[in-house]
Amino acid sequence: MSSFPSLSFNLYLVWKKILRTRVFFFFGITFVLFLGFLWWLADFNQARRFFFFLFPYIFLLMSQDIFKDEIESGSLENVLFLSFNFRRYLFEKNFSLFLIGSSFSAILFFPFLLGSILKDIFTPLILSSFFMGLMVGLYYLSLAGWLGFRLRSGANILAIILGQVFLFLVLMVSLTSSSSARDLLDLIFSAQPKNNQQAIFLYIFIALWPNVLTTQAYSALNLRLEIILLITLFFGFQSWHLRRLELKRE
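Criteria and thresholds
Residues numbered from 1 in each chain as written. Predicted model: local features only at pLDDT ≥ 70, side-chain atom pairs only at ≥ 80, totals over all residues. Heavy atoms only, no water. Axes fitted to C-alpha atoms, helices over the stretch in contact; angles between N-to-C directions. Helix = DSSP H or I, 4+ residues; strand = E, 2+ residues; numbered from the N terminus. Parallel < 35°, antiparallel > 145°, perpendicular 65-115°, else oblique. Left-handed = near helix turned anticlockwise from the far one by under 90°. Contact = heavy atoms within 4.5 Å. Nonpolar A, V, L, I, M, F, W, Y, C, P; charged D, E, K, R; others polar. Buried < 20%, exposed > 50% of the residue type's maximum accessible area, 1.4 Å probe, protein only. Polar contact = N/O pair within 3.5 Å; in protein donor to acceptor, adjacent residues only side chain to side chain. Core = buried A, V, L, I, M, F, W, Y, C linked by side-chain atoms within 4.5 Å. Expected span 1.5 Å × (residues − 1). Bend = angle between axes of the 7 residues up to and from the residue. Phe/Tyr/Trp six-rings, centres within 6.5 Å; stacked < 30°, edge-to-face > 60°. 1 Å grid on protein atoms, 1.4 Å probe; cavity = no way out; pocket = protein on both sides within 12 Å on 5 of 7 lines; lining within 4 Å. Points joined across faces, edges and corners; volume = space filled by probe spheres on them.

### Some words on the packing of helix H7 (residues 124–147) against helix H11 (residues 221–244)
No. 1: Taken N-terminus to C-terminus, the directions of H7 and H11 make an angle of 30°; their axes are 8 Å apart at the nearest point. Taken as axis vectors, H7 and H11 run roughly parallel relative to one another. Taken as a pair, H7 and H11 cross one another with a handedness that is left-handed. Seen from H7, the contacting residues are Ser128, Met132, Met135, Leu138, Tyr139, Leu141, Ser142, Leu143, Gly145 and Trp146; seen from H11, they are Arg224, Ile227, Ile228, Leu230, Ile231, Phe234, Phe235, Phe237 and Gln238.
No. 2: Residues that form the contact of H7 with H11 fall into these classes: 14 nonpolar, 4 polar and 1 charged.

Rendered as structure tokens:
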């Protein structure tokens, strides 16, 4: 059939692979325990804030080995992928992972949504933060997928995490040694640039650490449009790479 493999078949294959990924389930269990402990030790609002900031990493972890391992393993040398349908299968993995990640995230979000309603502290900003978190998760999928054509064995997500760690260390050094440390700190927490240099820094900061978009301070339209533009760009890179991809048959 010309539309084979379908998205449902893709979902099945991706889900089977996730079930074999121990790191994902280890993170999921640790994340749930951490949120529960924080809810009990601190308060509901603090646990909810950490949930919004951290749950996009679910999508990042699921995107390890998204392309290169499968391409080089020879598993695509199969009659299922006649007529170059392997390209569609590979690209649709992004949407399969997004659907699975969104479902898992929604399950984790439900107690916070219900708790907000019961405590009479529900606001539309709660839903906005959750949907922005899904957008950040899609960004991670697009970026990790693009890197996944070149890096294997989880190196694509490791590169992103190391980039964020490097950014964090640079910020810590800057805050302790720079005379303008207070201005940098104010910029990070307020997301209100005062000049072009600060605006450029803020855009770079969001590209490397997009999780901040789930906070109210980063709700400006131009900042959200940036992440949409980057998602489109990285998916475009994926599509361009897939069009040039040829399986090497022995």
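### Focus: the environment of Gln164
No. 1: Here Gln164 is to be found in helix H8 (residues 155–177).
No. 2: When its relative accessible area of 5% is taken as the criterion, Gln164 is described as buried.
No. 3: For the pair formed by Gln164 and Leu208, sequence separation is 44 residues and the distance between their alpha carbons is 6.2 Å.
No. 4: In this structure Gln164 touches Tyr57, Tyr140, Leu208, Trp209, Pro210 and Asn211, once residues within four positions along its chain are discounted.
No. 5: Within polar-contact distance, the side chain of Gln164 engages the backbone oxygen of Leu208 at 3.0 Å.

### Focus on the nonpolar core
No. 1: Of all hydrophobic cores here, the largest spans 33 residues; its most connected members are Phe51, Phe55, Leu90 and Phe109.
No. 2: Every element with two or more residues in this core is listed here: helix H1 (7–19), helix H2 (22–41), helix H3 (44–54), helix H4 (57–62), helix H6 (85–118) and H7.
No. 3: In terms of residue count, H6 provides more of this core than any other element does, 9 residues in total.
No. 4: The contacts of Phe55, once residues within four sequence positions are left out, are Phe31, Ser105, Phe130, Gly133 and Leu134.
No. 5: By size, the runner-up hydrophobic cluster in this structure holds 32 residues, among which are Met132, Leu143, Leu147 and Ala191.

### Quick look at the side chain of Thr214
No. 1: Residue position: Thr214 is located in the loop between helix H10 (196–208) and H11.
No. 2: Within the local environment of Thr214, its side chain forms a polar contact with the backbone oxygen of Asn211, the two atoms lying 2.8 Å apart.
No. 3: In this structure Thr214 touches Phe52, Phe53, Ser129, Met132 and Gly133, once residues within four positions along its chain are discounted.

### Some details on H6
No. 1: The terminal C-alpha atoms of H6 lie 49 Å apart, and with 34 residues this matches the ideal 50 Å at 1.5 Å per residue to within 8%.
No. 2: Along its length, H6 shows its largest kink, about 35°, at Phe109, and proline Pro111 lies within four residues downstream of that point.

### Structural notes on H7
No. 1: The end-to-end C-alpha distance of H7 is 35 Å, a good match for the 34 Å that 24 residues give at a rise of 1.5 Å each.
No. 2: Within H7, 17 of the 24 residues are buried, which leaves the element mostly enclosed by the surrounding structure.

### Some words on the packing of aromatic side chains
No. 1: Using the criterion set out here, one finds 29 aromatic pairs in the structure.
No. 2: On the basis of an interplanar angle of 15° and a centroid distance of 6.2 Å, the ring pair of Phe31 and Phe51 is categorised as stacked. In this pair, Phe31 sits in helix H2 while Phe51 sits in helix H3, placing the two residues 20 residues apart along the sequence. The same class applies to Phe31 and to Phe51, which are both buried.
No. 3: Centroid distance Trp146 to Phe237: 5.3 Å. Interplanar angle 35°. Geometry classified as tilted. With Trp146 in helix H7 and Phe237 in helix H11, this residue pair connects regions lying 91 residues apart in the sequence.

### Regarding empty space enclosed by the protein
No. 1: Here the structure, examined in full by the defined rule, presents 1 cavity of 30 Å³ or more.
No. 2: The calculated volume of the largest cavity comes to roughly 100 Å³.
No. 3: Taken together, Val14, Lys17, Ile18, Thr21, Phe24, Leu61, Met62, Ser63, Gln64, Ile66, Lys93 and Leu97 make up the full set of residues lining the largest cavity.
No. 4: Among the secondary structure elements, those contributing two or more residues to the lining of the largest cavity are H1, H4 and H6.
No. 5: Broken down by element, the lining of the largest cavity gets its largest block of residues, 3 residues, from H1.
No. 6: Considered class by class, the residues forming the lining of the largest cavity number 7 nonpolar, 3 polar and 2 charged.

### Things to note about the layout of surface pockets
One simple way to see leftover space: roll a probe sized like a water molecule over the atoms.
No. 1: Space inside the largest pocket adds up to approximately 480 Å³.
No. 2: As for the largest pocket, its lining consists of 16 residues, of which Arg48, Arg49, Phe52, Thr214 and Thr215 are closest to the centre.
No. 3: Only H3 and H7 provide two or more residues apiece to the lining of the largest pocket.
No. 4: Of all the elements, H3 adds the most residues to the lining of the largest pocket, at 8 residues.
No. 5: Taken together, the residues of the lining of the largest pocket break down into 7 nonpolar, 7 polar and 2 charged.

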